[in-house]
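A structural walkthrough
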Amino acid sequence: MSDGFACLNIRFLQSAGSVKKSDPFASYMRNNRKKAKAKISQGLMITHKREDKPNQEWNAHLASVAKDGSRESFKALFEHFGPLIKAFAFKSSGFGQSDQVADELVQETMIRVWTKAATFDPDKAQASTWIFTIARNARIDLLRKGRKYQDDSSFSENGDEFYSADNIWGVEENTQIENEISGIRSRQQLSDGINGLPPEQSYILRKVFMEDRTHAEAAEELGIPLGTVKSRVRLALSKLRVTIDR
Amino acid sequence: MIHYHPDIRFLTDYASGSMAASQALCVASHLHYCAHCRAAINSMENVAGSLFTELAPVAPAEDVFDRILDRIDIDQAAVDSSEPQTTKKVTTPNSSRLPEVISHFAKGGLDKLKWNKIGKGFRYSYVDMQDKMRETSLFYINAGQKIPRHAHQGDEITVVLKGSFSDQDGCYQAGDFLVRAQGEKHSPVAAQDEDCLCLSTLDAPISMTNWLYKALIPLVKYRAETA
């Protein structure tokens, strides 16, 4: 996978308007649009091609699901986020590339979205982040369920509830003050920030956050030292103004 | 004042969900005490959320939405016919209490767990995380007691939950998140005034065939006693 493609943005060029015909980059893009489109459909290229509705719309849909049990709103959420959840499932090597299992993650996630819609607070989180964390936890649970049937280890009397991802991930509520400290940026700012990163940094961010690989696994897969992975992630996050250091 | 935090690797692996549950348990415990790291996790989740929305979408099968609605109808029927559910109580972190995850594990209180004593210095209770690669336990070092000097066989994460202890490298309080590498030797001493409660997870069980291991079983079996 070529790192160079990671930060190309067709939409930006199309909407730029003022790009001259003589611009070599633009003409490269025009000539290679077919190739680029092929890469997009293979999931090798990240673009803004999908119309990115502002989060307000999703917040409204979630509220509507919570208050009125609106299936129309729920369907709108499914149509936008379902395909993203499926893509997210494919990013994890633990699922193989099984269509069926990926669909199962979509189902499990959307059911949880439905059930938990009342707990969504637009002041505390963005809709896309909230849904991501639900998909993340559902992925953890599904992977564990898969391992359970392969393993013959005995299970403690504690019961399944203790091991569920929701119990260990995201239990402690963030207070409003903490959200201010972390400086939640608008989706657009964050998105622009990510696309403005040097290729090796945006690539490593996608690897560690989307692909269900720990730092150590990413280092091994890419054949680079663990320290390099750590510093690239740190640099990328600091550019996005995510503060880690005290 | 918390001085020891999970580094960027642990925070990222936790936020991304790729971390093993045993280790995530330790990070989650630290987060109970540390607002700064909670904010960092929050920010990372926002980054991940942004990356998530930029994934190349893959269409689910045609019947997936209907299957979801069916499941919802079934669940709804079950709910309607049962007691009205109270919304889950959202707890705000309060460092004078134990982390939520620990309370979940030790329903009915810590004294209800099975505690194993070693010498008069401490006691431990095994936490089954369904993970063959790691051993996880809660343990107490009794007030003023010292654990004999020894090394770990594998990498270990320890989170102080109550009280404090110190070793040659520093002094550790509730909330501190410590990582010790394989082979590092140390000898922890609990503070005089209070028993010290810790959570610990250790990599790589020792081979059982080693005669030295057998001779040292009382000390070595309880590997999590260090931090």
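Parameters and conventions
Residues numbered from 1 in each chain as written. Chains lettered and ligands numbered in written order. Predicted model: local features only at pLDDT ≥ 70, side-chain atom pairs only at ≥ 80, totals over all residues. Heavy atoms only, no water. Axes fitted to C-alpha atoms, helices over the stretch in contact; angles between N-to-C directions. Helix = DSSP H or I, 4+ residues; strand = E, 2+ residues; numbered from the N terminus. Parallel < 35°, antiparallel > 145°, perpendicular 65-115°, else oblique. Left-handed = near helix turned anticlockwise from the far one by under 90°. Contact = heavy atoms within 4.5 Å. Buried < 20%, exposed > 50% of the residue type's maximum accessible area, 1.4 Å probe, protein only. Pairing = 2+ DSSP bridges. Phe/Tyr/Trp six-rings, centres within 6.5 Å; stacked < 30°, edge-to-face > 60°. Lys NZ or Arg CZ within 6 Å of the ring centre and 35° of its normal.

1. Things to note about the packing of helix α1 (residues 8-16) of chain B against helix α3 (residues 35-53) of chain B
Residues and elements named next belong to chain B. Relative to each other, α1 and α3 sit at 55 degrees, their axes nearing to 9 Å. Compared by their axis directions, α1 and α3 come out oblique. When you trace α1 past α3, the crossing you get is right-handed. Seen from α1, the contacting residues are Ile8, Leu11, Thr12, Tyr14 and Ala15; seen from α3, they are Cys37, Ala40, Ile41, Met44 and Glu45.

2. Section: the environment of A:Glu200
Residue and element names in this part refer to chain A. Tracing the chain through its elements places Glu200 in helix α12 (residues 199-210). Under the relative-accessibility criterion, Glu200 is labelled partly exposed at 33%. Note: C-alpha distance between Glu200 and Val233 (33 residues apart in sequence) is 9.6 Å.

3. Observations regarding the sheet that holds strand β2 (residues 122-127) of chain B
Residues and elements named next belong to chain B. Strand order in the open sheet made by the 6 strands is β1-β2-β3-β11-β5-β8, with antiparallel pairing throughout. The strands lining the two open edges of the sheet, one partner per strand, are β1 (116-118) and β8 (177-180). Across the sheet, the axes of successive neighbouring strands diverge by a mean angle of 25 degrees, strand direction being ignored. The sheet contacts of helix α2 (residues 21-33) involve β2, β3 (134-141), β5 (156-162), β8 and β11 (196-203), and relative to β5 the element is tilted by about 35 degrees.

4. Quick word on the packing of aromatic side chains
The tally for this structure, following the rule as stated, stands at 13 aromatic pairs over all chains. Judged by centre distance (5.0 Å) and plane angle (70 degrees), the ring pair of A:Phe74 and A:Trp114 falls under edge-to-face. Taken together, the residues A:Phe74 in helix α5 (residues 71-91) and A:Trp114 in helix α6 (residues 99-116) connect sequence positions 40 residues apart. Using a relative accessible area of 0% as the deciding quantity, one classes A:Phe74 as buried. Assessed through its relative accessible area of 16%, A:Trp114 is described here as buried. Centroid distance B:Phe10 to B:Phe177: 5.5 Å. Interplanar angle 65 degrees. Geometry classified as edge-to-face. Taken as a pair, B:Phe10 in helix α1 and B:Phe177 in strand β8 lie far apart in primary sequence, 167 residues in all. Residues B:Phe10 and B:Phe177 agree in their burial class; the two are buried. A network of ring pairs unites the aromatic residues A:Phe74, A:Phe78, A:Trp114 and B:Phe65 as a single cluster. A cation over an aromatic ring shows up here: B:Arg9 above the ring of B:Phe10, its NZ or CZ 4.9 Å from the ring centre.

The analysis is restricted to geometry; functional conclusions fall outside its scope.
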